Amino acid sequence: VLWLPFWLAFDPGERPRKADVDIDMESVGGVKQEVPIFERLALFSRHKEFWAIVGAQYCSGWGLWGLLNWLPTFFQEYFGVATAEEAVYTTLP
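Just so we're clear, the structure is a prediction, and the values are computed from it rather than from any experiment. (Residues numbered from 1 in each chain as written. Predicted model: local features only at pLDDT ≥ 70, side-chain atom pairs only at ≥ 80, totals over all residues. Heavy atoms only, no water.)

### Quick look at the overall build of the chain
(1) Moving on: A tally of helices and strands in the chain yields 5 helices and 0 strands.
(2) Moving on: Secondary structure of the chain in N-to-C order comes out as α-α-α-α-α.
(3) Moving on: Buried positions account for 4% of the 93 residues belonging to the chain.
(4) Moving on: Here the chain displays about 8600 Å² of accessible surface, and carbon together with sulfur accounts for 67% of that area. (Helix = DSSP H or I, 4+ residues; strand = E, 2+ residues; numbered from the N terminus. Buried < 20%, exposed > 50% of the residue type's maximum accessible area, 1.4 Å probe, protein only. Areas by Shrake-Rupley, 256 points an atom, 1.4 Å probe, with all protein chains shown as cover.)

The structure is reproduced here in structure tokens:
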């Protein structure tokens, strides 16, 4: 829910679909050239879907890191479980 204001603030609106903007280079007498990687990344990063995936991965990565680093300490301090026994408790659903 916290991402919704950012999503709406950076929404570029309707974008033309690839089929609408594709030009057959051979039909206009041109040679099809490879687009440089930085230009492709710049075009790709203009889409809100890209930033939604980046934001979701960032949040889930930090959440998982925090959980994996905090959980053993929590079991030790709250339940008094020894470090050697923690594997059994962390695998339980």
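Read on, since the account is not over.
### Overview of a nonpolar patch on the surface
(1) Moving on: A cluster of nonpolar side chains, contributed by Leu 64, Leu 67, Leu 68 and Trp 70, occupies part of the molecular surface with about 420 Å² of accessible area.
(2) Moving on: Looking at where Leu 68 falls in the secondary structure, it is placed in helix α4 (residues 48-79).
(3) Moving on: Residue class for Leu 68 comes out exposed when judged on its relative accessible area of 55%. (Patch = residues over 30% accessible without salt bridge, like charges linked within 9 Å, V, L, I, M, F, W, Y side chains within 5 Å. Salt bridge = Lys/Arg side-chain N within 4 Å of Asp/Glu carboxyl O.)

### Re α4
(1) Moving on: Helix length check: α4, at 32 residues, gives a terminal C-alpha distance of 44 Å against a target of 46 Å (1.5 Å per residue), a fit within 8%.
(2) Moving on: The principal kink in α4, of about 30°, is found at Trp 70, preceding the proline Pro 72 by one to four residues.
(3) Moving on: Downstream of α4 by one or two residues, Gly 80 has phi in the positive range, about 70°. (Expected span 1.5 Å × (residues − 1). Bend = angle between axes of the 7 residues up to and from the residue.)

### Focus: the packing of aromatic side chains
Any two aromatic rings considered together are summarised by their centre-to-centre distance and by the angle between their planes.
(1) Moving on: Per the stated rule, a full pass over the model turns up 10 aromatic pairs.
(2) Moving on: Relative to Trp 65, the ring of Trp 62 has its centre 5.3 Å away and its plane inclined at 80°; by these criteria the two rings are edge-to-face. A residue pair is termed a helical-turn pair when its members lie 3 or 4 positions apart in one helix, as Trp 62 and Trp 65 do in helix α4 at 3 residues.
(3) Moving on: Since its relative accessible area comes to 48%, Trp 62 is described here as partly exposed.
(4) Moving on: Relative accessible area serves as the criterion here: at 51%, Trp 65 is assigned to the exposed category.
(5) Moving on: Chaining the aromatic ring pairs together yields one cluster made of Trp 70, Phe 74, Phe 75, Tyr 78 and Phe 79. (Phe/Tyr/Trp six-rings, centres within 6.5 Å; stacked < 30°, edge-to-face > 60°.)

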